[in-house]
Amino acid sequence: MVTINYKDGRPFYEQVKEELRRLVVSGVLRPGDKLPSVRELAGQLAINPNTIQRAYRELETEGYIVSVPGKGSFAAEREDENDRRRAELLARLSETVKELRWLGMTAEEITAEIGGIRNERD
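It should be emphasised that the depicted structure is a prediction, and the values quoted were computed from it without experimental measurement.

Draft legend 1. Quick look at the nonpolar core. By size, the foremost hydrophobic cluster in this structure holds 21 residues, and its most contacted members are V16, L20, L41, L45, I52 and Y56. Those elements giving two or more residues to this core turn out to be helix 1 (12-26), helix 2 (38-45) and helix 3 (49-61). Considering each element in turn, this core owes the most residues, five residues, to helix 1. Beyond its immediate sequence surroundings of up to four residues, Y56 is in contact with L20, L35, P36, S37, V38, L41, I65 and S73.

This is the structure:
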């Protein structure tokens, strides 16, 4: 389910976080699915449990998972997604579009790129 790439320069918690986020967003982890416990995943990956705890904490802050004391961590319901995260991503997109415009791309070219991304996913 989750793997660590030891040649990747990113910290382990970031790799775990990105992989779990990808699993939630892609639907591999469906809303309500239980994630492995911190100790279980740390044991599987042979890394410190604090590393997994940090990844889980950040994913919860971003609205991708929900932690229930005494029960574990679960993939969040779509309705539970954090509006702040959506606004944050839209702000990043806006800044990216502004920079692309500054670099000379037209609105049509940017729209075509976004359409291409959408078609790759479908």
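Draft legend 2. Representation of the pattern of salt bridges. By the definition in use, this model includes nine salt bridges. Between E58 and K17 there is a salt bridge whose closest N-O contact spans 2.8 Å. Linking E58 in helix 3 with K17 in helix 1, this pair joins segments that are 41 residues apart in sequence. Judged by relative accessible area, which is 9%, K17 ranks as buried. For R21, the salt bridge identified is with E62, shortest N-O distance 2.5 Å. Of this pair, R21 sits in helix 1 while E62 sits in the loop between helix 3 and strand 1 (65-68), and the two are 41 residues apart along the sequence. Here R21 matches E62 in class, with each residue buried. Connected through shared salt-bridge partners, K17, E18, R21, R54, E58 and E62 make up one network.

Draft legend 3. How the structure looks around unusual backbone geometry. The phi angle at A46 is positive, at roughly 55 degrees, despite the residue not being glycine. On the secondary structure map, A46 appears in the loop between helix 2 and helix 3. In this structure A46 comes out as exposed when scored by relative accessible area, which is 64%.

Draft legend 4. Layout of the packing of aromatic side chains. Scanning the entire structure with this criterion turns up one aromatic pair. Ring geometry for Y6 and F12: centres 5.4 Å apart, planes at 85 degrees, overall edge-to-face. Against the face of F74 rests K34, its NZ or CZ located 5.8 Å from the ring centre. For the cation-ring pair, R54 lies above Y13, with the distance from its terminal atom to the ring centre recorded as 3.7 Å.

So, how was this worked out
Residues numbered from 1 in each chain as written. Predicted model: local features only at pLDDT ≥ 70, side-chain atom pairs only at ≥ 80, totals over all residues. Heavy atoms only, no water. Core = buried A, V, L, I, M, F, W, Y, C linked by side-chain atoms within 4.5 Å. Buried < 20%, exposed > 50% of the residue type's maximum accessible area, 1.4 Å probe, protein only. Helix = DSSP H or I, 4+ residues; strand = E, 2+ residues; numbered from the N terminus. Contact = heavy atoms within 4.5 Å. Salt bridge = Lys/Arg side-chain N within 4 Å of Asp/Glu carboxyl O. Phe/Tyr/Trp six-rings, centres within 6.5 Å; stacked < 30°, edge-to-face > 60°. Lys NZ or Arg CZ within 6 Å of the ring centre and 35° of its normal.

Taken by themselves, the reported measurements are silent on function.
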